[in-house]
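# Secondary and tertiary structure notes
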Amino acid sequence: MTSPHKTRAACLIGWPAAHSRSPIIHRYWLRTLGIEGGYVIEAVPPDEFKDFIFRLSLRGFVGANVTIPHKEQALALSQPDARARAVGAANTLWFEDGELRSTNTDVEGFINNLDACAPGWDQASDALVLGAGGSARAVVFGLRERGIARIHLVNRTIDRARALAGEFGASVLPATWDAVPALLPRAGLLVNTTSLGMHGQLPLEVDVGALPQGAVVTDLVYVPLVTPLLAAAQARGLKTADGLGMLLHQAVRGFQLWFGERPHVTAELRALVEADLTKT
Ligand code: NDP
């Protein structure tokens, strides 16, 4: 059991949790902003999660990140905001007016990364989103919030895309993989939220040559850092935003909520996490 912390501290709760890069990110911000605080990993098995959350404050934590497999339970045990509710999962917890609140920062991680890497991306009227899993929910929520008119949602298991479209409304249009060639020429934004293209997974086969000029391509996968999809888009001169950027941007709000200062995603931070990813 963790002993109460003397300074403000947050933690990452997961099972397993050791692989997370969050400590590198938050400790970098604590160090560079001169804030006395801590960020630790707490490996908590599912049957102990509820008890851990009830005692979060007693353990000395001002809040937490939550990862697999606890995100849905975290939502149920806290007061979620609209984003967490819509995504169906919470990844960031904090205390406000004595209550445990939660949000899902993947939404702003995705959007803020696009804003940073490809300003003007939201001029697209059609977005093509590949995948309808957990991360696609955050992506679709963010795209709707930014007013993208048509979000074509392609998934291997079409029922999953249909269910998500049913929840999110008429701007989300479910489609099967064989519709991709017809959808590419009108997609001003292409988003990969599947695990295809990740190290050890099957390749993602999409012809970026069929995208319109000026299209933006983003991949949530960040191992490898430059996925074959992003490499092909860059070779065509298209703007891209990578998964590591999203990971870094999603961490900003939690830090601000816990430690009171809004940190920046810097090239130095990126290099630090990149070095760690390359090492492993
Ligand atoms: P899920 O398991 O919830 O969803 C996986 C998705 O990939 C589903 O749509 C699934 O389709 C599809 N998929 C998997 N294998 C295949 C295949 N062989 N052929 C076609 N489709 C396939 O995962 P998440 O949404 O949580 O994560 C997806 C990826 O995004 C991961 O690589 C993860 O690391 C990354 N990620 C990155 C983040 C970042 O900050 N950069 C944040 C969150 C996730 P089906 O429904 O048919 O199974």
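Here the structure is a predicted model, which means the values were calculated and not measured. (Residues numbered from 1 in each chain as written. Predicted model: local features only at pLDDT ≥ 70, side-chain atom pairs only at ≥ 80, totals over all residues. Heavy atoms only, no water.)

Residues in close proximity to the ligand total 21 residues, the closest being S135, N155, T157, R160 and G243. Here G134 contributes a backbone N or O atom positioned 2.9 Å from an oxygen atom of the ligand. A distance of 2.7 Å separates an oxygen atom of the ligand from a polar side-chain atom of N155. Bound to the protein, the ligand loses 76% of the 930 Å² it would expose on its own. One can see that the ligand is located within the largest pocket. Where the shell around the ligand is concerned, the elements lending two or more residues are α6 (134-145) and α10 (243-250). Broken down by class, the residue content of the shell around the ligand amounts to 9 nonpolar, 10 polar and 2 charged. (Near = heavy atom within 4 Å. Polar contact = N/O pair within 3.5 Å; in protein donor to acceptor, adjacent residues only side chain to side chain. Areas by Shrake-Rupley, 256 points an atom, 1.4 Å probe, with all protein chains shown as cover. 1 Å grid on protein atoms, 1.4 Å probe; cavity = no way out; pocket = protein on both sides within 12 Å on 5 of 7 lines; lining within 4 Å. Sits in = over half its atoms within 2 Å of the grid points. Helix = DSSP H or I, 4+ residues; strand = E, 2+ residues; numbered from the N terminus. Nonpolar A, V, L, I, M, F, W, Y, C, P; charged D, E, K, R; others polar.)

Our focus in this paragraph is the sheet that holds strand β5 (residues 92-96). The strands making up a sheet associate through hydrogen bonds between their backbones, and the pairing can be parallel or antiparallel. If you trace the 6 strands from one edge of the open sheet to the other, you get β2-β1-β3-β5-β6-β4, paired in mixed fashion. Every interior strand has two partners, whereas the edge strands, β2 (37-43) and β4 (79-80), have only one. Against the sheet, helix α1 (residues 22-33) contacts β1 (8-14), β2 and β3 (61-66), and its axis sits at roughly 170° relative to β2. Contacts from helix α11 (residues 252-259) reach β1, β2, β3, β5 and β6 (99-103) within the one sheet, and its direction differs from that of β5 by about 25°. (Pairing = 2+ DSSP bridges. Contact = heavy atoms within 4.5 Å. Axes fitted to C-alpha atoms, helices over the stretch in contact; angles between N-to-C directions.)

We now examine the layout of surface pockets. If a probe the size of a water molecule is rolled over the atoms, the empty space left behind becomes visible. Taken as a whole, the largest pocket holds about 1500 Å³ of empty space. Taken together, 47 residues make up the lining of the largest pocket; nearest its centre are I68, K71, D106, S135 and Y222. Of all the secondary structure elements, the ones that give two or more residues to the lining of the largest pocket are β3, α3 (71-76), α6 and α10. Considering only residue class, the lining of the largest pocket consists of 20 nonpolar, 20 polar and 7 charged. (Points joined across faces, edges and corners; volume = space filled by probe spheres on them.)

Quick look at the environment of F259 now. Residue position: F259 is located in helix α11. Owing to a relative accessible area of 3%, F259 belongs among the buried residues under this scheme. For F259 and A9, which are 250 residues apart along the polypeptide, the C-alpha to C-alpha distance reads 8.5 Å. Discounting residues that sit within four places of it in the chain, F259 has contacts with R8, A9, A10, L30, I35, G37 and G38. (Buried < 20%, exposed > 50% of the residue type's maximum accessible area, 1.4 Å probe, protein only.)

Quick look at the domain arrangement of the protein now. What the domain assignment lists for the protein is domain 1 (8-105 + 251-279) and domain 2 (107-245). Put simply, the middle of domain 1 and the middle of domain 2, counted by C-alpha atoms, are 26 Å apart. Taken residue by residue, the interface counts 13 residues in domain 1 and 17 residues in domain 2. Both faces combined, the contact of domain 1 with domain 2 buries some 1200 Å², and carbon together with sulfur accounts for 55% of it. The three residues of domain 1 that bury the most area against domain 2 are R83, V87 and R270, which together make up 43% of that side's buried surface. At the surface where domain 1 touches domain 2, the tally comes to 3 salt bridges. (Domains from an automatic or database assignment. Buried area = accessible area lost by both parts, 1.4 Å probe. Salt bridge = Lys/Arg side-chain N within 4 Å of Asp/Glu carboxyl O.)

This next bit is on the sheet that holds strand β7 (residues 126-130). Here 6 strands make up an open sheet; going across it, the order is β9-β8-β7-β10-β11-β12 and the pairing parallel. Here the strands that pair on one side only, and so sit at the sheet edges, are β9 (172-175) and β12 (239-241). Averaged over all pairs of adjacent strands, the angle between strand axes in this sheet comes to 20°, irrespective of strand direction. Here strand β8 (residues 150-154) runs beside β9; their pairing, made up of 4 bridges, is parallel.

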